[in-house]
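Residue strings, one per chain:
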2 protein chains.
Amino acid sequence: MYEKKIPENLDCGISVCMKVMGGKWKAWIIECIHDGIKRPSKIHRQMETEGASLRVITMHLKELEDLGVLYKKIYPGTPLRVEYYLTEVGMSTLPLIKAMSQWGREKRAYLLQGERNAYLATN
Amino acid sequence: MYEKKIPENLDCGISVCMKVMGGKWKAWIIECIHDGIKRPSKIHRQMETEGASLRVITMHLKELEDLGVLYKKIYPGTPLRVEYYLTEVGMSTLPLIKAMSQWGREKRAYLLQGERNAYLATN
DNA sequence: TCGGGCATGGAAAAATTTTTCACTATACAC
DNA sequence: GTGTATAGTGAAAAATTTTTCCATGCCCGA
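Residues numbered from 1 in each chain as written. Chains lettered and ligands numbered in written order. Predicted model: local features only at pLDDT ≥ 70, side-chain atom pairs only at ≥ 80, totals over all residues. Heavy atoms only, no water.

(A) Quick look at the environment of L120 of chain A. Topologically, L120 of chain A is positioned in strand β3 (residues 119-120). Judged by relative accessible area, L120 of chain A falls into the exposed class, the value being 57%. (Helix = DSSP H or I, 4+ residues; strand = E, 2+ residues; numbered from the N terminus. Buried < 20%, exposed > 50% of the residue type's maximum accessible area, 1.4 Å probe, protein only.)

Printed below as a string of structure tokens:
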């Protein structure tokens, strides 16, 4: 387990939000589960074309579960089956994720068009 | 300059959004500038209590300028003065940042309360 | 019995981000 | 002259995240 060396500062709402939705794959995992893809192996199959490793998915699922964003249902027996669901707080991320996603789609072309020049103030 | 080894995938709106607002300090820098703290040295003084280095602020300002989220006004002369402002697209991040910040503040207590237990399905 | 799928975890490597430090250059105040 | 302030860069170190690889344990099908 990796231990932080610089203590996390979660005083600020943005840091808290980023802890849940930041990172390379977390928002996608939340979206997957919302879309009904609730088992780790399925989530992985959904995202491995994009390059997500199963390991990182496992780690994020655990982290999101510990935060109370997801809850986990275990079906005992073999092969062991597990399903993740959004908690109420998990659901409350959806409008935000949708808004971020839409903003990104809307602004992408502009943002990626290249470098800009500075203005020279002449006063 | 650091060169990416895994190509960035910006097909997805969330990745684009995270490119602008993710990272440890970017959202704060945008907020600072919106609050009228527009010069690098001022921004640094504002955030150094939190641990932000001047270097990372400089780098993020440049990145956000290249993306067209900020524009830069240069006042020639010495000491050289520079001011950053939000572009129209920069402004459009504000509702999102506000929403993230508010969400984080609202859910912080819940999210940080500790680990959770899985449900054992009994069917 | 061998190979597959299931969920998960340790450990190390690789990739990326952030920090720290050293440096440029100019002008002003003391 | 020395110290300060301005904005910025390069290089290396440190911190963090993500990937890769390997291992566990169990059952099912060939």
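(B) Summary view of the protein's contact with DNA strand C. Every one of the 25 residues lining DNA strand C counts as a neighbour, but K72 of chain A together with Y2, K5, K24 and T78 of chain B are closest to it. Here, DNA strand C places atoms within 4 Å of the protein, and 75% of those atoms are sugar or phosphate. Backbone polar atom of I6 of chain B to a phosphate oxygen of DNA strand C: 3.2 Å apart, as the coordinates give it. Within the side chain of S53 of chain B, one N or O atom sits 3.4 Å away from a phosphate oxygen of DNA strand C. For the surface near DNA strand C, the secondary-structure elements that each account for two or more residues are α3 (40-47), α4 (54-67) and β2 (81-86) of chain A together with α4 (54-67) of chain B. Tallying contributions element by element places α4 of chain B first for the surface near DNA strand C, with 4 residues. Residue composition of the surface near DNA strand C, grouped by class: 11 nonpolar, 6 polar and 8 charged. (Near = heavy atom within 4 Å. Polar contact = N/O pair within 3.5 Å; in protein donor to acceptor, adjacent residues only side chain to side chain. Nonpolar A, V, L, I, M, F, W, Y, C, P; charged D, E, K, R; others polar.)

(C) View of the packing of aromatic side chains. According to the stated counting rule, one finds 6 aromatic pairs over all chains in the structure shown. With centroids separated by 5.5 Å and ring planes inclined at 20 degrees, the aromatic side chains of Y71 of chain A and Y85 of chain A adopt a geometry described as stacked. Of this pair, Y71 of chain A sits in strand β1 (residues 70-75) while Y85 of chain A sits in strand β2, placing them 14 residues apart in sequence. By relative accessible area, which is 26% here, Y71 of chain A ends up partly exposed. A ring pair is formed by Y119 of chain A and Y71 of chain B, whose centres lie 5.0 Å apart and whose planes are at 55 degrees; its orientation type is tilted. A residue pair is termed interchain when its members come from two chains, as with Y119 of chain A in strand β3 and Y71 of chain B in strand β1 (residues 70-75). (Phe/Tyr/Trp six-rings, centres within 6.5 Å; stacked < 30°, edge-to-face > 60°.)

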